[in-house]
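One-letter residues, chain by chain:
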Amino acid sequence: MSSLKLFSFLKLAPQCLRYYSEASFLTGTSSQYIEDMYNAWLKDPNSVHVSWDSFFRNTTQGLSQPYHAPPNLAPSKGALISQVAAVASAPQAAPLDERTIEDHLAVQAVIRSYQARGHLVAKLDPLEIMFNDKTTTTVSQTGTPPDEILRTFRLENLDKVYKLPSSTYIGAEGEKKLPLREILHRLELAYCRHIGVEYMYIDDLEQRDFIRRRMEAPGVLNQTTVQKKLTLTRLIRTVEFENFLAKKWASEKRFGIEGCDMFIPGLEQIIDKSTEYGVDHFFLGLSHRGRLNTLANILRKPLYQIFNQFVPLEPADLGSGDVKYHHGSHTERTNHLTQKRYKITLLANPSHLESVNAVVLGRTRAEQFYKGDDEGKKSLAILIHGDAAFCGQGVNYESYGLSYLPNYTTHGAICFIVNNQVGFTTDPRFSRSSRYCSDLGKVVNAPIFHVNADDPESVIHVCNIAAEWRAKFHKDIIIDLVGYRRHGHNEADEPMFTQPLMYTKIKNIASIETKYSDELLKEKVVTKEEIQHVKDDYNKLCENEYVKASKQTQIFIKDWLDSPWSGFFEGKDPLKVSPTGVPEVTLAHIGNVVSSPPPPNLDFVLHKGIIRILNQRQAMVEKRQIDWALGEAMAIGSLLKEGIHVRLSGEDVERGTFSHRHHVYHHQTVDKMTYQPLSDVFSDQALYIVCNSSLSEYGVLGFEVGYSLASPNALVIWEAQFGDFYNTAQCIMDQFLCCGQAKWMRQNGIIVLLPHGFDGMGPEHSSGRPERFLQNCDDDPDVIPPFEPDFAIKQLQACNWIVANCSTPANLFHIWRRQVALHFRKPLMLFSPKNLLRHPECKSSFDEMLEGTEFRRVIPESGPPSQDPQNVKKLILCTGKVYYDIMEVFKKRNVVKKIAVTRIEQLSPFPYDLLKVEFEKYPNAKICWAQEEHKNAGPYYYVLARLNTLLNRAREVHYIGRAVSAAPATGTKAVHLKELEMLANEFVAL
């Protein structure tokens, strides 16, 4: 019998045989190869390698001592021949023949085929429609190989005993050999029932063996009576919760979990097992499907608070709130089996499926950092996906790309796919190109367990494996829970429009609660009375909570806060801000450290360009001056001194896209040897993390948003490579940062740096799109807040985010520090310059950062025009880098007194109070707004509306800037130069 025939039952190509062992070295012609070697040896023993000479001598002489390969041979080859010789050779045994070798090779190959391909014929789908056009083999759930498999073997071989190779664990304790029939039987039980596992692509032998042991060992699926009862109880609570909601609010959307009901008991099993391994905080990312059930039965959210979400009650607190299936929450529970306390955080999520996963990873990573949990033993991310979303949303690839990056890894996440086998109305055959929705996991070598959602014990077994895998290897693992969706996309949706055959089947399928109850009744694990008691108890709880909910008159958004900052707001005056200026000795010390080479004892070889930059920095420090890079360093260093953890992340941030920052030095002759000057400024400073990210915006910004949620006493900064590229992370901006506080009462102090400026670099390297951020500001352009004490801080407290465009290093220093000095947190969208990084005029004095100084929302004209304001003919308002363009034109054209220029450094909240003073100072001036962006972009329309309100339209606001354009900037150099000339003429025109 040939090895090729042995594979035919799995429809494999002949070349698959070469993978039969751990390190493949044989092909389908291996028997011919051995025969050729043997014939050559018969003619001349010296013509073959000494190892083959030894092997043939031993076997032909009938020696019982098995052959051991010398070090220069592949271990798997020696292992194979050792096994074959051990079976075939015995005292007075016949010479080893080709058939014996071939049969043993075939047995090993078929074992490996089950391990690698058994999932293709496992019965994973409760509806029995998965791949029904591709699978023809009838699968037995009793472990009996189908007839089409048995027919490929000679009858006498089925009862022939073969030694089990080291690559399988189907043998019980002490079993080293089994008949082929029993081998097939046990492989069928292991790989072809309700669990299909993909793992043979993993390149680590220990990890593969871990899965083999837990899939193949006889009796691994056996569960105790206690476990079965616990699973049934949790399943009943899951189903009864959905039934209760359906009974009370039949027409309401709730996105129930029916059809994948075992998700809830499975998730709770993961949590239980993980707490045994030491995890004490779980972070969940979950979209709408099953979210209410998760809140009720995993987080044990008070049910009346969930029920209140179905009733049109007014909120008691500020904010827009969100729909009930988007809310997050935070709770602390006890594992009653181990008596261990643990926390669960379910992060709030918008309808943008999968966007929360990167946020969860960042939140988990931050928790591990603050706990000093360097191996991820105490905090665990569990990411729950839908099948269509997991393979369809690119953010999943971006998030998985962070799995093992040193400054982003969470040391393994457990991914749980709730596989409905339909995406809204789209069949899998039209929504993905891969066989499984989970194939993305292979990118990071994650094992993938497909499991039939209607087999509770298989689901629990897989969940136990997942918890143990993550605890042992600290790597990702994926569970694909294959079930169905009993209703449409939501409960009011009609699925028969698009999936008539599927839903015809679904209507006739009993719930898994009913089926599992019947199974345990037959096994006499439970009684009908016990089952009814669990149902009655849970329904009584629901009814009591329903009555409580009916007495509520308001809802509280704060009840759904997912990341509370205990103690941060208490005892603080929100209208106060801590000083942002620092003593000169601190500035000088930081300046000297970041302008000096690494200590001599490190024998660190710097690049000559770095040495030149350090010398330039030292010269500035001696003059008590800073440029942009020193302004950043001063802000970071001073915060570190105060015990504030700082994290700067993004593409190329260590050096800086424009090579200005250089926060990490690289040894020029030693690989991987680096030095971070800001990590060694003060002896007792906080930790500074600066890390280049993967080439991702959506995933990495989401990660940093999650990281910044962990603690308000840290500064987290994400920098785009160019401001233009932020739009691939638009979802994070719009759904989490812009309105996160309004929807979820969740504050966030992250800084988003967006390099911005028109330097002739084309339409994709010029604009960070400030107009989009300003359009999303929630201040009313027709209403000026009352001019009263604390005007500026009240504006900050009321806004949804801050938008600024600084023009001096000192102002950059202050606004970074202000993010931490505030007694509340707001996201800061900060447009940063490119050509100002080395501009000779863009420098600040130490005097502008000393104690008593602060961030300047507006920098008024301080030159000659300010000395004679009555005769100023034109007042130009601008922001950011364009100020230096104006000043350069003024210098060239000798404009001295007639035109004043005022810079608006903080665009939103809008500085009405300070601009009012400017307008009163220059009563006769023509008011102009100047920008480098096109008229339909940039801050123009945002500023115009607010200036008109401030001026009560008594004075006209004139526009200076580029004309309207669909593209952010021109890509033609000639056009760019022509635009610059036009702007220059408008700057000086009176």
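Residues numbered from 1 in each chain as written. Predicted model: local features only at pLDDT ≥ 70, side-chain atom pairs only at ≥ 80, totals over all residues. Heavy atoms only, no water.

Trainee: Describe in detail the pattern of salt bridges, supporting the description with residues and values.
Mentor: Two side chains bearing opposite charge may form a pair once their charged atoms approach each other closely. One pass over the structure, following the stated rule, counts 51 salt bridges. Between Glu543 and Lys248 there is a salt bridge, with the nearest N and O atoms lying 3.7 Å from each other. Of this pair, Glu543 sits in helix α21 (residues 528–550) while Lys248 is found in helix α10 (residues 225–248), placing the two residues 295 residues apart along the sequence. A salt bridge links Lys442 to Asp439, with the shortest nitrogen-to-oxygen separation between them at 3.5 Å. Residue class for Lys442 comes out partly exposed when judged on its relative accessible area of 31%. Note on Asp439: relative accessible area 18%, which makes it buried. In the salt-bridge network here, residues are joined through shared partners; they are Arg234, Glu268, Asp272, Arg300 and Arg333. (Salt bridge = Lys/Arg side-chain N within 4 Å of Asp/Glu carboxyl O. Helix = DSSP H or I, 4+ residues; strand = E, 2+ residues; numbered from the N terminus. Buried < 20%, exposed > 50% of the residue type's maximum accessible area, 1.4 Å probe, protein only.)

Trainee: Could you give an account of the layout of surface pockets, naming the residues involved and the relevant values?
Mentor: Space inside the largest pocket adds up to approximately 860 Å³. Phe569, Gln741, Met745, Arg746 and Gln747 are, among the 32 residues lining the largest pocket, the residues nearest its centre. Contributions of two or more residues to the lining of the largest pocket are made by α27 (740–744) and α29 (791–798). When grouped by side-chain class, the residues that make up the lining of the largest pocket number 15 nonpolar, 10 polar and 7 charged. (1 Å grid on protein atoms, 1.4 Å probe; cavity = no way out; pocket = protein on both sides within 12 Å on 5 of 7 lines; lining within 4 Å. Points joined across faces, edges and corners; volume = space filled by probe spheres on them. Nonpolar A, V, L, I, M, F, W, Y, C, P; charged D, E, K, R; others polar.)

Trainee: I'd love a proper account of the environment of Ala389, names of residues and values included.
Mentor: Assignment of secondary structure puts Ala389 in helix α15 (residues 387–392). Apart from residues lying up to four places away in sequence, Ala389 is in contact with Leu353, Glu354 and Asn396. (Contact = heavy atoms within 4.5 Å.)

Trainee: I'd love a proper account of the packing of α10 against helix α11 (residues 263–276), names of residues and values included.
Mentor: Running from N to C, α10 and α11 cross one another at 130°; their axes reach a closest spacing of 8 Å. Classified by the angle their axes make, α10 and α11 are oblique. As for how α10 packs across α11, the hand of that crossing is right-handed. Where α10 approaches α11, its residues Gln227, Thr231, Arg234, Leu235 and Thr238 are matched on the opposing element by Ile264, Pro265, Glu268, Gln269 and Asp272. Classifying every residue of the contact of α10 with α11 gives 3 nonpolar, 4 polar and 3 charged. (Axes fitted to C-alpha atoms, helices over the stretch in contact; angles between N-to-C directions. Parallel < 35°, antiparallel > 145°, perpendicular 65-115°, else oblique. Left-handed = near helix turned anticlockwise from the far one by under 90°.)

Trainee: Explain the sheet that holds strand β7 (residues 340–346) to me, and be specific about the residues and the numbers.
Mentor: In spatial order, the strands read β3-β10-β11-β9-β8-β4-β7-β6; together these 8 strands make up an open sheet with mixed pairing. Strands at the two margins of the open sheet, each flanked by one partner only, are β3 (195–198) and β6 (329–335). Put simply, the sheet's adjacent strands are angled 20° from each other on average, direction ignored. Pairing of β6 with β7 involves 7 bridges; the strand directions are antiparallel. If you follow Arg333 over to β7, its bridge partner there is Tyr342. The strands touched by α11 within the sheet are β4 (281–285), β6, β7, β8 (379–386), β9 (413–419) and β11 (477–482), with β9 carrying the most contacts at an inclination of about 170°. (Pairing = 2+ DSSP bridges.)

Trainee: How would you explain the packing of aromatic side chains if you had to name every residue and give the values?
Mentor: Scanning the entire structure with this criterion turns up 33 aromatic pairs. When the centroid spacing of 6.1 Å and the interplanar angle of 75° are considered together, the rings of Phe244 and Tyr546 count as edge-to-face. Of this pair, Phe244 sits in helix α10 while Tyr546 is found in helix α21, placing the two residues 302 residues apart along the sequence. Given a relative accessible area of 1%, Phe244 falls into the buried group. Ring-pair connections join several aromatic residues into one group, and the members of that group are Phe244, Trp249, Phe307, Phe310 and Tyr546. Across from the ring centre of Tyr408, 5.0 Å away, lies the NZ or CZ of Arg647, which sits over that ring. Positioned above the aromatic ring of Tyr883 is the side chain of Arg903, whose terminal nitrogen or guanidinium carbon lies 3.7 Å from the ring centre. (Phe/Tyr/Trp six-rings, centres within 6.5 Å; stacked < 30°, edge-to-face > 60°. Lys NZ or Arg CZ within 6 Å of the ring centre and 35° of its normal.)

Trainee: Lay out the sheet that holds strand β28 (residues 957–962) in plain terms, naming residues and giving numbers.
Mentor: For sheets, the rule is that strands pair by backbone hydrogen bonds, running either parallel or antiparallel. Strand order in the open sheet made by the 5 strands is β23-β25-β24-β27-β28, with mixed pairing throughout. At either margin of the open sheet sits one strand with a lone partner, and together these are β23 (858–859) and β28. Judged from the 4 bridges that link them, strand β24 (residues 874–878) and strand β27 (residues 926–934) form a sheet pairing that is parallel. What sits directly across from Leu877, in β27, is Trp929. Contacts from helix α34 (residues 973–988) reach β24, β25 (899–904), β27 and β28, with the element oriented near 155° to β28.

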